[in-house]
Number of protein chains: 2
Amino acid sequence: MEQIERLAHVRYTSGDELAEALVGADALFVWDFQSSALERAWHAADRLRWVHIASAGVDPVLFPAMVDSEIPLTNSRGVFESSLAEYVLGVVLAFAKDFATSLELQQQRIWRHRESERIAGTRALVVGTGPIGRAIAQLLRAVGMRVAGIGRRAVDDDPDFGSVYPSDELRTHLPDADYVVAVAPLTPATEGMFNAASFAAMKPTARFINVGRGDLVVTPDLLAALQAKTIAGAALDVFDTEPLPADSPLWSLPNVLISPHMSADVKGWRNALVELFADNVQLWLQERPLRNVVDKQLGYVPTGAAARPAG
Amino acid sequence: MEQIERLAHVRYTSGDELAEALVGADALFVWDFQSSALERAWHAADRLRWVHIASAGVDPVLFPAMVDSEIPLTNSRGVFESSLAEYVLGVVLAFAKDFATSLELQQQRIWRHRESERIAGTRALVVGTGPIGRAIAQLLRAVGMRVAGIGRRAVDDDPDFGSVYPSDELRTHLPDADYVVAVAPLTPATEGMFNAASFAAMKPTARFINVGRGDLVVTPDLLAALQAKTIAGAALDVFDTEPLPADSPLWSLPNVLISPHMSADVKGWRNALVELFADNVQLWLQERPLRNVVDKQLGYVPTGAAARPAG
């Protein structure tokens, strides 16, 4: 943050003390991307002209007053794409090669040969066609998987997805997929899109991978689908409650891989987040268009978007 | 095997009864690729003209009398390449994304965020440049890793490896690698090539992946290197003794992933092995050149090799 401290007066604060620190502030860098403190402190934002968040998903700061304001919101698009795509490929391979069973047998010192699965030729449906979904599609395609996307609008010849189908056709395309990857932004339109009907539409051999947001999923429906073997497994990095409570039945379901919202967080990610913010600070001070401006109605950064600071 | 039974009189036998069954046999299909039964039964091979093995590695049937004979040996090259490459990519990602710790914490219902690693830009040294090594190189390169090979002869501009360095330069190139993949055939030249000096040449952050043969490695040296943290981890699918004995210290070393010689065995692999043999039976009956003829001096199939049946 040193370079930013040379350019501006910087206050560091916590969620609890945000209201006090927000008085007189021109810009806010939301480091804790899950915090809902901004909504509570909003009354104290007397001269706020810019909010930046250290994440790709912006749902915690898209409360109605923020959406209605003219204050631009920017996110950290560009930091997470490649590492998150690697994580998704990793869990695809973990399922196909049955690493969880290998590790379990290893703990018991049991040598038990099993047959595994190829990933080449299998089908992935990536739900969410933003930069992260696109990076996932590119990587899965690079290893020989057949990829399609679910996005806002249909596209016939997308370079990464091939076909992108519109969201209202989700259930039409779920039955084709061996792997369903949830990476859509959390918006009123996507909340709970993975529900009992969605899981019922999937193959009994399919695996569900959530690297988007926990609230894309109706968790009791996912639990029921896993318990009834409506689907074959799930890799979950995000949850409707985080940390995942110790008494959640998800922890101990067979064929479920749990990780603690870390899929994109490779060594150096904190530096990358601060560098992206520092670059935007430079643009902001020069009154040039900011990078990664969120369309607050859509709830994410439309491709190629940039904006001038407000006020 | 039905199609073969229509073409020839087929006897099925076990290792113990091989000598009896071998009398009068023209061809032998060695299904148990780890069996040393052929050497013990060799005296009974009164008219044997062809041996085929259901594996890529041929070390168990390359005993001196077989090497010295004019009987051609063919292997199952073509069945294992792609699935084995996927397995190697899977363990690379399992290390980079620290899946073993995630699974361990999951069992304890502990939510603990950690930072993981990118694989793009990391360096893999693939030791063995046959078809399996080549498939591994292609796949690792497809996901953005930097790959080099160790082979019999130096090559400057190999399409898959970029650079192939000769085996006697192994230790010169080990220090560059983040992942060292052992996939060389087991021959007198490669036996024990991964010894204390090799591990000492590797980075302390490097991972060693053995999908070749257990005897490529001096196991006590590998154990010592893992215990002393000379290297950061190992993924082992093959062992000098298989099944790996329950009292082997390898089972419980941290950062070691054990699998039971299954890396290439995807659903349908047995059928693929029989089909390859059946194709060769057709060629053999027509006295046409066989596929996958092993150079018994080298101990593997040189690129593009074919041969007519002997006798």
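Residues numbered from 1 in each chain as written. Chains lettered and ligands numbered in written order. Predicted model: local features only at pLDDT ≥ 70, side-chain atom pairs only at ≥ 80, totals over all residues. Heavy atoms only, no water.

- Labelled according to an unreviewed UniProt entry, chain A appears under the name Phosphoglycerate dehydrogenase-like enzyme, originating from Tamaricihabitans halophyticus.
- UniProt, in the comment section headed Sequence similarities (unreviewed entry), describes chain A in these words: "Belongs to the D-isomer specific 2-hydroxyacid dehydrogenase family." (UniProt positions renumbered as here; feature names shortened; annotations may be inferred.)

1. Section: the pattern of salt bridges
Here comes step 1: Tallying each qualifying case throughout the model produces 26 salt bridges over all chains.
Here comes step 2: Here A:R114 makes a salt bridge to A:D98, at a shortest N to O gap of 3.4 Å. Here A:D98 lies in the loop between α5 (81-96) and α6 (99-107) and A:R114 lies in the loop between α6 and β4 (123-127), a separation of 16 residues in the sequence.
Here comes step 3: Judged by its relative accessible area of 13%, A:R114 falls in the buried class.
Here comes step 4: The class of A:D98 is partly exposed, set by a relative accessible area of 24%.
Here comes step 5: Two residues, A:R118 and B:E86, come together in a salt bridge whose shortest N-O distance is 3.1 Å. On the criterion of chain membership, the pair formed by A:R118 in the loop between α6 and β4 and B:E86 in helix α5 (residues 81-97) is interchain, its members lying in two chains.
Here comes step 6: Members of the salt-bridge network, linked through shared partners, are A:D26, A:R47 and A:R49. (Salt bridge = Lys/Arg side-chain N within 4 Å of Asp/Glu carboxyl O. Helix = DSSP H or I, 4+ residues; strand = E, 2+ residues; numbered from the N terminus. Buried < 20%, exposed > 50% of the residue type's maximum accessible area, 1.4 Å probe, protein only.)

2. Section: helix α10 (residues 219-227) of chain A
Three- or four-residue spacings in an α-helix give side chains the same orientation, since the helix completes a turn every 3.6 residues.
Residues and elements named next belong to chain A.
Here comes step 1: Residues of α10 that are buried: T219, L222, L223, A225 and L226. On an axial view of α10, the arc spanned by its buried residues comes to 165°, and they lie on one face. Away from its buried face by more than 90 degrees, α10 exposes P220 and Q227.
Here comes step 2: Structurally, α10 contributes buried residues whose contacts are with α9 (196-201), β9 (207-210), β10 (233-236) and β11 (256-258).
Here comes step 3: K229 sits one or two residues past α10 and shows a positive phi near 60°. (Arc of directions from axis to C-beta. Contact = heavy atoms within 4.5 Å.)

3. So, the sheet that holds strand β10 (residues 233-236) of chain B
All names here are of chain B.
Here comes step 1: Ordered in space as β6-β7-β5-β4-β8-β9-β10-β11, the eight strands form an open sheet in which the pairing is mixed. A strand with exactly one partner marks an edge of an open sheet, and here the two such strands are β6 (155-158) and β11 (256-258). On average, each strand axis in the sheet is inclined to that of its neighbour by 20°, with strand direction left out of account.
Here comes step 2: Relative to strand β9 (residues 207-210), strand β8 (residues 179-182) is paired through four bridges, and the arrangement is parallel. Among the inter-strand pairings, Y179 is bridged to a residue of β9, identified as R207.
Here comes step 3: Where helix α10 (residues 219-227) meets the sheet, it contacts β9, β10 and β11, and its direction lies at approximately 140° from that of β10. (Pairing = 2+ DSSP bridges. Axes fitted to C-alpha atoms, helices over the stretch in contact; angles between N-to-C directions.)

4. A short note on the relation of the copies chain A and chain B
Here comes step 1: For the match of chain A to chain B, the screw axis carries a shift of 0.0 Å, the RMSD comes to 0.1 Å, and the turn is 180°. The superposition operator between the copies reduces to a two-fold rotation axis.
Here comes step 2: Of all interface residues in chain A, 100% are interface residues in chain B too; the two copies therefore contact each other through one and the same surface. (Least-squares fit on C-alpha atoms with pLDDT ≥ 70 in both.)

5. Concerning the sheet that holds strand β6 (residues 155-158) of chain A
Within a beta sheet, neighbouring strands are joined by backbone hydrogen bonds and run either parallel or antiparallel to one another.
All names here are of chain A.
Here comes step 1: Read from one edge of the open sheet, eight strands run β6-β7-β5-β4-β8-β9-β10-β11, paired in mixed fashion. The open sheet terminates on both sides in strands that have one partner only, identified here as β6 and β11. Neighbour-to-neighbour, the strand axes of the sheet open up by a mean angle of 20°, direction not taken into account.
Here comes step 2: In the sheet, strand β5 (residues 146-151) pairs with strand β7 (residues 162-166) via three bridges, with the strands oriented parallel. Paired with I150 across the strands is Y165, a residue of β7.

6. Let's talk about the interface of chain A and chain B
Here comes step 1: Between chain A and chain B, the residue contacts involve 55 residues of the former and 55 residues of the latter.
Here comes step 2: Summing the contributions of chain A and of chain B, the shared interface buries around 4,800 Å²; its carbon and sulfur component is 61%.
Here comes step 3: With its nearest N and O atoms 2.9 Å apart, the salt bridge here joins B:K97 to A:E86.
Here comes step 4: Our count for the contact surface shared by chain A and chain B stands at 32 residue pairs in polar contact (both at pLDDT 80 or more).
Here comes step 5: Within the residue set of the side of chain A that touches chain B, elements represented by two or more residues are α5, α6, α7 (131-142), β11 and α11 (269-285) of chain A.
Here comes step 6: Grouping the amino acids of the side of chain A that touches chain B by side-chain chemistry returns 29 nonpolar, 13 polar and 13 charged. (Buried area = accessible area lost by both parts, 1.4 Å probe. Polar contact = N/O pair within 3.5 Å; in protein donor to acceptor, adjacent residues only side chain to side chain. Nonpolar A, V, L, I, M, F, W, Y, C, P; charged D, E, K, R; others polar.)

7. Brief notes about the domain arrangement of chain A
All names here are of chain A.
Here comes step 1: Along its sequence, chain A is organised into domain 1 (2-78 + 266-307) and domain 2 (82-258).
Here comes step 2: Placing a centre on the C-alpha atoms of domain 1 and another on those of domain 2 gives a separation of 30 Å.
Here comes step 3: Counting each side, the surface lost to burial between domain 1 and domain 2 is near 800 Å², with a carbon and sulfur contribution of 57%.
Here comes step 4: Per-residue buried area on domain 1 facing domain 2 is highest for D59, L298 and Y300; these three make up 46% of the total on that side.
Here comes step 5: Here domain 1 and domain 2 share one salt bridge between them.
Here comes step 6: With a closest N to O distance of 2.9 Å, R213 and D59 form a salt bridge.
Here comes step 7: Connecting domain 1 to domain 2 are four residue pairs in polar contact (both at pLDDT 80 or more).
Here comes step 8: For the side of domain 1 that touches domain 2, a count of residues per class yields five nonpolar, three polar and two charged. (Domains from an automatic or database assignment.)

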